[in-house]
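# Fold and geometry: a report
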Amino acid sequence: MKKFLNNKLFRYLSIFIFFNSTTIPLKSSSALAAWELKTNGVLELRTKSNANLKAYFQKSNQIYGDRFWVDFPGELKNPRKINGNGPIKEIRLGKPNNGQTRLVIEFKKETYLNPLTWRMVALDENRWSIKLFKSKYSFKKIGEGEVEKRIRNTRAYQNPSYKRKRVYNYLELPNIKQNKYLVVIDPGHGGLDPGAVGIGGIRETDVVLEVSKIVKSLLSEKGVKVRLTRKNEVDLDLPPRVSFANKIDADIFVSIHANASRGKRKDINGLETFYYRGWRGKLLAKRIQKQILRVSPGSPDRGVKQGRFYVIKNTRMPAVLVEIGFLTGRLDARRLEKTAHRKRIAFAISKGILEYLSKLR
Ligand SMILES: [Zn+2]
């Protein structure tokens, strides 16, 4: 590993570090907010303000091609790989150590690079830019999130293909005030009570537990404190779920369930969200319902309804119960079987929650 001690790249970063002694404590969520590698070879980053970054370059070896990476304070929750194109082999987001985030750009072996000319420039207190390769390479841009805050209603936003491509990207979840909100997520059923059992024996308890855990990780990444009423397969009665949320004075309560139709009819599919009372609960239900429908095309909208379920009736904060599909329905069950769809649903629930919280004062 060769750190940029003697060239411009490191000087730019070191000046920045010298003037900004603010560091983000370990275990905070990642300082990386958005990144984009543009067609002209420029990598742009948006981070938390005054984050301390470190940039590195390493020549190719037997295992890897040439690599450039940036380390950010704050922990990445979902390590992932993104396929490259043109001169880029792959982009990886990882967690090299606890409390850290690493963005790695790996080049294809044949790509010509001149890292000694590279410089990472601070465009603003939270924006960075570095040109990594020449425009002569044909490259389709890759990124996650918005590197610059754009005004809504630009043409890009009206283009539905743009939306479709980006809708599942967790970095596009709305930003809200960090460490301000406490959310209780309640995975329905558990243990001896499997809840609904659908096509092929798919069990509600398993589906909603996985979805709930992903919601927790997505929201935590956004600086929301999240508590789950259960973390594993335990049979938890309804009153303790409610008293837990009331005791810790959560801001909102979201119970996650999946449906079964009477007679296990395969033609019945759809999503619905319940609230018990109050405009806040209704608003939260609406936001969540809208988002889960977006990731479940073809599945009917059964609407936002008032319901008298114990957990939403007895919790003291705005509370909703969301039914993420019918495990007995052909369409919904086939989807809910797959982790990929559970992730989409979890993304959607998280987005609904964040949209709701971002409107609160
Ligand atoms: Zn249920």
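As shown above, the structure is provided for reference.
Here, residues in each chain are numbered from 1, in the same order as that chain's written sequence. Selection of residues for local features in this predicted model requires a pLDDT of at least 70, selection of side-chain atom pairs for listing and counting requires 80 or more, and totals for whole chains, interfaces and linings are taken over all residues. Here the side-chain values reflect all heavy atoms present in the structure, with hydrogen atoms and water set aside.

## What to know about the overall build of the protein chain
Numbering of helices and strands runs from the N terminus, with a helix taken as a DSSP run of H or I at least four residues long and a strand as a DSSP run of E at least two residues long. Check the secondary structure of the protein chain and you find nine helices and 17 strands. Residues count as neighbours in contact if any of their non-hydrogen atoms are within 4.5 Å of one another. Taking all contacts inside the protein chain whose residues are at least 6 apart in sequence as the whole, residues at least 24 apart take part in 74%. Each accessible area is a Shrake-Rupley estimate made with a 1.4 Å probe; only the visible protein chains count as cover when residues are assessed. Of the roughly 17800 Å² of accessible surface on the protein chain, a fraction of 50% belongs to carbon and sulfur atoms.

## So, the packing of aromatic side chains
Paired rings are identified among Phe, Tyr and Trp, the last through its six-membered ring, by centres lying within 6.5 Å, and are further divided according to the angle between planes into stacked (under 30 degrees), edge-to-face (over 60) and tilted (the rest). Under the criterion given, the structure shown has four aromatic pairs. Between the aromatic rings of Phe133 and Tyr137, the centroid separation amounts to 6.1 Å while the plane-to-plane angle is 80 degrees, which identifies the pairing as edge-to-face. The class for Phe133 is buried, based on a relative accessible area of 3%. Judged by centre distance (5.4 Å) and plane angle (80 degrees), the rings of Phe133 and Phe139 are edge-to-face. We note that Phe133, like Phe139, is buried. The rings of Phe133, Tyr137 and Phe139 are connected pair by pair, giving a single aromatic cluster. Only protein chains enter the calculation, and the probe is 1.4 Å; a residue is then buried if its accessible area is under 20% of its type maximum, exposed if over 50%, and partly exposed in between.

## Some details on helix α5 (residues 238-247)
Think of an α-helix as turning once every 3.6 residues; residues three or four places apart then point the same way. Taken together, the buried positions of α5 are Arg241, Val242, Ala245 and Asn246. Taken down its axis, α5 places every buried residue within 125 degrees of arc, on the same side. Lining the buried residues of α5 we find β12 (182-187), β14 (252-259) and α7 (310-314). Looking one or two residues past α5, Asp249 carries a phi angle of roughly 55 degrees, positive in sign. By arc we mean the arc of the directions from the helix axis to the C-beta atoms, nothing more.

## Quick look at the environment of Ala346
On the secondary structure map, Ala346 appears in helix α9 (residues 339-358). On the accessibility criterion, Ala346 (0% relative accessible area) is buried. In contact with Ala346, other than residues within four places in its own chain, are Val211, Ile214, Val215 and Leu218.

## Concerning the coordination of the zinc ion
Ideal values differ by geometry: the angle at a metal is 109.5 degrees with four tetrahedral donors, but 90 or 180 degrees with six octahedral donors. Keep in mind that water is not among the atoms, so a site may look incomplete; donors are the N, O and S atoms within 2.8 Å of the metal, or 3.2 Å for Na, K and Ca. The coordination sphere of the zinc ion, as far as protein atoms go, consists of His189 (NE2), Glu204 (OE) and His257 (ND1), spread over 2.1 to 2.2 Å. All donors of the zinc ion belong to a single chain; written as a sequence motif, their spacing is H-x14-E-x52-H. One end of the pair, His189, is in the loop between β12 and α4 (204-221); the other, Glu204, is in helix α4, with 15 residues separating them in the sequence. One exposure class covers both His189 and Glu204, and it is buried.

## Let's talk about the side chain of Arg67
The residue Arg67 is located in strand β5 (residues 67-73) in this model. When neighbours within four sequence positions are excluded, Arg67 is seen to be in contact with Tyr56, Phe57, Gln58, Asn61, Arg92, Val104, Ile105 and Glu106.

## Quick look at unusual backbone geometry
The backbone phi angle of Asn179 is positive, close to 55 degrees, even though this residue is not glycine. Turning to its location among the elements, Asn179 is positioned in the loop between α3 (160-166) and β12. Judged by its relative accessible area of 56%, Asn179 falls in the exposed class. Here Lys264, not a glycine, exhibits a phi torsion of approximately 50 degrees, which is positive.

## Some details on the nonpolar core
Residues grouped as a nonpolar core are buried Ala, Val, Leu, Ile, Met, Phe, Trp, Tyr and Cys residues, joined through side-chain atoms within 4.5 Å. Formed by 42 residues in total, the largest nonpolar core has its most connected members in Val254, Ile256, Ile324, Ile349 and Ile353. For this core, the secondary-structure elements that each account for two or more residues are β12, α4, β13 (225-228), β14, β15 (271-275), α6 (279-294), β17 (319-326) and α9. It is α9 that contributes the most residues to this core, nine residues altogether. When neighbours within four sequence positions are excluded, Ile256 is seen to be in contact with Ile185, Asp186, Pro187, Gly188, Val208, Val211, Ser212, Val215, Val322, Ile324 and Ile349. The next biggest cluster of nonpolar side chains, apart from the first, holds 31 residues, and it includes Leu76, Ile91, Trp118 and Ile130.

## Brief notes about the pattern of salt bridges
Criterion for a salt bridge: a side-chain nitrogen of Lys or Arg within 4 Å of a carboxyl oxygen of Asp or Glu. Here the structure, examined in full by the defined rule, presents 17 salt bridges. A salt bridge links Arg241 to Asp186; the shortest N-O distance between them is 2.8 Å. You can see Arg241 sitting in helix α5 and its partner Asp186 sitting in strand β12, a full 55 residues away along the chain. Of the two residues, Arg241 and Asp186, both sit in the buried class. The network of salt bridges with shared partners includes Glu36, Lys38, Glu44 and Arg127.

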